[in-house]
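# Geometric and topological summary
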2 protein chains.
Amino acid sequence: MSENKTLIQAFKETALKTNGHGNRDAGVLKEAFDRIDYDMESDMYGSGKVIEAFQEKMAKLLGKESAVFFPSGTMAQQIALRIWCDEKGLNRAAYHPLSHLEIHEEDGIKELHGIETVLLAEKERVITLEDIQNMKQEAAVVLLELPQREIGGQLPDFETLQAISAYCKEHGIKLHLDGARLLEVLPFYRKTAAEICSLFDSVYLSLYKGIGGIAGAILAGSEAFIKASKVWKRRHGGDLISLYPYIVSADYYYDLRADKMEQYYYGAKELAEHYNICEKVSTLPQVPVSNMFHVHYEVSKEDLEPILVEIYENTGVGLSGYLRETGDTSCYYEVSIGDLYETIPEEKLKEVFNTLNEKLKAI
Amino acid sequence: MSENKTLIQAFKETALKTNGHGNRDAGVLKEAFDRIDYDMESDMYGSGKVIEAFQEKMAKLLGKESAVFFPSGTMAQQIALRIWCDEKGLNRAAYHPLSHLEIHEEDGIKELHGIETVLLAEKERVITLEDIQNMKQEAAVVLLELPQREIGGQLPDFETLQAISAYCKEHGIKLHLDGARLLEVLPFYRKTAAEICSLFDSVYLSLYKGIGGIAGAILAGSEAFIKASKVWKRRHGGDLISLYPYIVSADYYYDLRADKMEQYYYGAKELAEHYNICEKVSTLPQVPVSNMFHVHYEVSKEDLEPILVEIYENTGVGLSGYLRETGDTSCYYEVSIGDLYETIPEEKLKEVFNTLNEKLKAI
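Residues numbered from 1 in each chain as written. Chains lettered and ligands numbered in written order. Predicted model: local features only at pLDDT ≥ 70, side-chain atom pairs only at ≥ 80, totals over all residues. Heavy atoms only, no water.

## Comments concerning the overall build of chain A
Looking only at helices and strands, chain A has 15 helices and 13 strands in total. Over its C-alpha trace chain A gives a radius of gyration of 21 Å, about what one expects of a compact globule, namely 21 Å for 363 residues. Overall, chain A is about 60 × 55 × 35 Å in size when its C-alpha atoms are taken along their principal axes. In chain A, which comprises 363 residues, the share counted as buried stands at 61%. (Helix = DSSP H or I, 4+ residues; strand = E, 2+ residues; numbered from the N terminus. Rg over C-alpha atoms; globule rule 2.2 N^0.38 Å. Buried < 20%, exposed > 50% of the residue type's maximum accessible area, 1.4 Å probe, protein only.)

## So, the UniProt feature "domain: Aromatic amino acid beta-eliminating lyase/threonine aldolase" (unreviewed entry) in chain A
Feature annotation in UniProt places "domain: Aromatic amino acid beta-eliminating lyase/threonine aldolase" (unreviewed entry) on residues 40–283 of chain A, given in this structure's numbering. Between the end C-alpha atoms of residues 40–283 of chain A the distance is 46 Å, and the span holds 47% helix and 15% strand. (UniProt positions renumbered as here; feature names shortened; annotations may be inferred.)

## A short note on the pattern of salt bridges
All names here are of chain A. Within the structure shown, the criterion is met by 40 salt bridges over all chains. When the shortest N-O distance is used, the salt bridge between glutamate 122 and arginine 125 registers 2.8 Å. By relative accessible area, arginine 125 is classed as partly exposed at 27%. A salt bridge links arginine 149 to glutamate 150; its shortest N-O distance comes to 4.0 Å. Residue classification places arginine 149 among the partly exposed residues on the basis of a relative accessible area of 24%. By relative accessible area, glutamate 150 is classed as buried at 18%. Among the charged side chains, a network of salt bridges with common partners joins Lys5, Glu13 and Glu313. (Salt bridge = Lys/Arg side-chain N within 4 Å of Asp/Glu carboxyl O.)

## Some remarks on the interface of chain A and chain B
Contact with chain A, which involves 49 residues of that partner, is made by 50 residues of chain B. The largest contributions to the chain A side of the interface with chain B come from Tyr38(A), Leu112(A) and Arg235(A), which together make up 17% of the buried area. There are two salt bridges connecting chain A and chain B. In this structure, the salt-bridge partner of Glu41(A) is Lys12(B), at a minimum N-O distance of 3.5 Å. Mapped onto the side of chain A that touches chain B, the elements with two or more residues apiece are α2 (26–34), α4 (73–88), α6 (108–111), α11 (223–236) and α12 (244–257) of chain A. The class makeup of the residues in the side of chain A that touches chain B is 23 nonpolar, eleven polar and 15 charged. (Contact = heavy atoms within 4.5 Å. Buried area = accessible area lost by both parts, 1.4 Å probe. Nonpolar A, V, L, I, M, F, W, Y, C, P; charged D, E, K, R; others polar.)

## Considering the domain arrangement of chain A
All names here are of chain A. Along its sequence, chain A is carved into domain 1 (7–21 + 259–362) and domain 2 (26–256). Each partner contributes residues to the interface: domain 1 has 17 residues there, and domain 2 has 20 residues. In total, domain 1 and domain 2 occlude about 1500 Å² of area from one another, counting both sides; carbon and sulfur atoms represent 58% of this. Taken together, the links from domain 1 to domain 2 amount to one salt bridge. Among the salt bridges present, the one from arginine 149 reaches glutamate 334, with a minimum N-O distance of 2.7 Å. Residue assignment for the side of domain 1 that touches domain 2 shows that the elements contributing at least two residues are α13 (261–277), β10 (292–297) and β13 (330–336). Considering every element that reaches the side of domain 1 that touches domain 2, the biggest residue donor is α13, with five residues. Residues belonging to the side of domain 1 that touches domain 2 are distributed by class as follows: ten nonpolar, four polar and three charged. (Domains from an automatic or database assignment.)

## Some details on the relation of the copies chain A and chain B
Take chain A, turn it by 180°, move it 0.0 Å along the axis, and it overlays chain B with an RMSD of 0.0 Å. Between the two chains, the operation in question is that of a two-fold axis. No C-alpha of chain A lies nearer the rotation axis than that of Leu112(A), which sits 2.5 Å from it. With an isologous cut-off of 70% or more, the 100% of interface residues of chain A that recur at the interface of chain B puts this contact in the isologous class. (Least-squares fit on C-alpha atoms with pLDDT ≥ 70 in both.)

## Some thoughts on the environment of Gly73(A)
All names here are of chain A. Mapped onto the fold, glycine 73 is located in helix α4. For the pair glycine 73 and tyrosine 332, spaced 259 residues apart in sequence, the C-alpha separation works out to 25 Å. Not counting residues within four places of it along the chain, the set of residues in contact with glycine 73 comprises Tyr204 and Ala217.

## A closer look at a negative patch on the surface
There is a patch of like negative charges on the surface, built from Glu270(A), Glu273(A), Glu346(A) and Glu347(A). If you trace the backbone, Glu273(A) turns up in helix α13. (Patch = residues over 30% accessible without salt bridge, like charges linked within 9 Å, V, L, I, M, F, W, Y side chains within 5 Å. Areas by Shrake-Rupley, 256 points an atom, 1.4 Å probe, with all protein chains shown as cover. Lys, Arg positive; Asp, Glu negative; His and termini not counted. Charge placed at Lys NZ, Arg CZ, Asp CG, Glu CD.)

## Brief notes about the confidence of the model for chain A
Considering every residue of chain A, the mean pLDDT works out to 97; 99% of them sit at 70 or more. Here the complex is predicted with pTM 0.97, and the ipTM for its interfaces comes to 0.97. (pLDDT = per-residue confidence, 0-100.)

## Considering the sheet that holds strand β8 (residues 217–221) of chain A
All names here are of chain A. Overall, mixed pairing links the seven strands, which are arranged β2-β8-β7-β6-β5-β3-β4 in an open sheet. Two strands lie at the open edges of the sheet, namely β2 (66–70) and β4 (116–119), each paired on one side alone. Here the strands of the sheet are splayed against their neighbours by 20° on average, with no regard to which way each runs. In the packing of helix α3 (residues 49–62) onto the sheet, contacts are made with β2, β7 (202–206) and β8, and the angle to β2 comes to roughly 125°. Seen against the sheet, α4 touches β2, β3 (92–95), β5 (141–145), β6 (174–179), β7 and β8 and runs at an angle of roughly 175° to β6. (Pairing = 2+ DSSP bridges. Axes fitted to C-alpha atoms, helices over the stretch in contact; angles between N-to-C directions.)

## Description of the sheet that holds strand β7 (residues 202–206) of chain B
Residue and element names in this part refer to chain B. Overall, mixed pairing links the seven strands, which are arranged β2-β8-β7-β6-β5-β3-β4 in an open sheet. The sheet terminates laterally at β2 (66–70) and β4 (116–119), the two strands that pair on one side only. Strand-to-strand, the axes of this sheet are offset by a mean angle of 20°, without reference to chain direction. Alignment of strand β3 (residues 92–95) against β4, held across four bridges, turns out to be parallel. Paired with alanine 94 across the strands is valine 118, a residue of β4. This element, helix α11 (residues 223–236), spans β2, β7 and β8 (217–221) of the sheet and lies at about 20° to β2.

## A look at the nonpolar core
With 207 residues, the main nonpolar core has Leu182(A), Tyr275(A), Tyr297(A), Leu182(B), Tyr275(B), Tyr297(B) and Leu356(B) as its most contacted residues. Discounting chain neighbours no more than four positions away, the residues touching Tyr297(A) are Tyr275(A), Lys280(A), Val281(A), Leu304(A), Leu308(A), Thr329(A), Ser330(A), Cys331(A), Tyr333(A), Leu356(A) and Leu360(A). In terms of nonpolar packing, the next biggest core, distinct from the first, is built from 54 residues, Ala80(A), Leu90(A), Val68(B) and Ile83(B) among them. (Core = buried A, V, L, I, M, F, W, Y, C linked by side-chain atoms within 4.5 Å.)

## Points about α3(A)
All names here are of chain A. Helix length check: α3, at 14 residues, gives a terminal C-alpha distance of 20 Å against a target of 20 Å (1.5 Å per residue), a fit within 8%. For α3, the complete set of buried residues consists of Val50, Ile51, Phe54, Gln55, Met58, Ala59 and Leu62. The arc that holds every buried residue of α3, seen down its axis, measures 155°, which confines them to one face. In α3, the exposed positions that point more than 90 degrees away from the buried face belong to Lys49, Glu56 and Lys60. (Expected span 1.5 Å × (residues − 1). Arc of directions from axis to C-beta.)

## Here we look at the environment of Phe158(B)
Residue and element names in this part refer to chain B. For phenylalanine 158, the location among the structural elements is in helix α8 (residues 158–170). The exposure class assigned to phenylalanine 158 is buried, which follows from its relative accessible area of 11%. For the pair formed by phenylalanine 158 and glutamate 170, sequence separation is twelve residues and the distance between their alpha carbons is 18 Å. Contact partners of phenylalanine 158, with chain neighbours within four places excluded, come to Tyr189, Lys191, Ile196 and Leu199.

## Observations concerning the packing of aromatic side chains
Throughout the structure, instances matching the rule amount to 25 aromatic pairs over all chains. Ring geometry for Tyr246(A) and Tyr246(B): centres 5.4 Å apart, planes at 90°, overall edge-to-face. With Tyr246(A) in helix α12 and Tyr246(B) in helix α12 (residues 244–257), the pair connects residues from two separate chains. Across the pair, exposure class does not vary: Tyr246(A) and Tyr246(B) are buried alike. (Phe/Tyr/Trp six-rings, centres within 6.5 Å; stacked < 30°, edge-to-face > 60°.)

Here's what the structure looks like:
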């Protein structure tokens, strides 16, 4: 047991991990391509069987007329907002202050598309109907992220979604779904993807989160919308000659995991309970509504790190590879349940959390 | 022999082809990944050994301080021009009227970046020093494409490149190289990639043309330039969580083919001679200066198509899968020599071109 081992080192060396589907390594690609013939033709600039078949499958899943594969959600969502802004002749989009567009994209929406943003709701909570009714400036489009990732993956209830959708329709505001983790929230809502998406004019779905592909995204909507999005995809430099490495793996892991979202969701609820028993620990949300949640510690990063390293080394179970400070005596990390969680014996988990609880009490 | 067979069908069924490295199929990826271990770690949003090592290798090849991997050349080049325009505070870039940016990108440079363009030279010829000296409007950056693909892959001589470079430097105009096919022109210039690139402030190299990877591009330049390009890459939605499917294959095929560019170049010169012997046929350029050229026919597409189909079926050699009309009685296609050309026996080629010549004479 080396006390100097970093958290990420110790985490990587654990045989069992509560989060994810496994390492992001070349094995992910190789496994997906094992079943693929050498002579499977590549897609060519958005055409060809491999891309068209997957797009049709995703359009059907999402209950939309059409869908297009994008290399990234960043690209797909900027383009969705641009199309709706152009249609209305109003360069303003509204979304949550912790939206991916606001904090992870170097202001692409503003720098590339000249779209101003209206930030809805306080950072700590999800968007309500009232936030949209009380927008200070008119917007062409509202983006809702389900679940709201940066606050632990919280969700509005379904009735709120319906009310927001009706309000936007009535007021000529387009509604776009940041459904990066859409499949992951279906068990909570007890709805199909198409039922959720019917409330939205356009939808983005990520293919490497709950699904666990390599990269890539789907954008879905009306035929006219998707046709326009393909022009913008070309402009963005996203209309690659070949996207099949991502498409084949997205399709493979979709088939493998689409029906496991309920298992991940129950796993998240169970794991959150383990955390919430510990002193100085709370999960956000307290009861997860998807496969994800955040774990907040009222302990400094410096104090927590050696405790976690010791637990990882003694139990062989890894909880997180990083800690993000939220203050001098607080920090957090994100948990997303995937295939790995169920490989951990219940006894092991109890041992981990008993130890964690004791160590935290002792601080 | 079915007379109704389309050109593309007949072409696909030929056992031998004069162009390219082989089919764009999943085998390209599977071959590249055969030598890769399952546990090779993915790159993560531009970091990690697999992407950093390849970027360093390419920076060294191109003689630049730094390089970054992009999913597409479209994205890389728009960003290069944007950086140079921002630096000068002048949103104007100059390039050839048949530049990729002007005809294949749905005006992304204008629509996303608000950059106006100055078109240099007539469509039929390459850019000269005089074109740049006589620009009607000031530009922050000039883009030169080597070779000029849409006119058969023509090149200015090296002295012209040197003169343009010196002029631009003197007049505070940045010079960007569209080197999609840079490696393919090195045998003609008898220069290293770094020697050519030393004349340019920034360079783009494609990884799926002569090299034959799956997709992707390299952008190279100074450290400050590349640092700025990574911010724009994020904005464009090109900073994917994992780009390794393209990087691993680019690296594999680069190693396989970088030293074969001279072979491809000689092949192109030889094949062009075969074409130029035929009546009603001429290649552009007459003597290729890279692995590529265009084949122009003074024959209508309708008349030529059945002739080619018959030749493909009788000889098993495919020349092109398409014909592009240039007038009522003229058409052309593009040839790019790769690994396949040398697999065709000399006797076969003679048979093909004797037949082609006879058939064309008989029209």
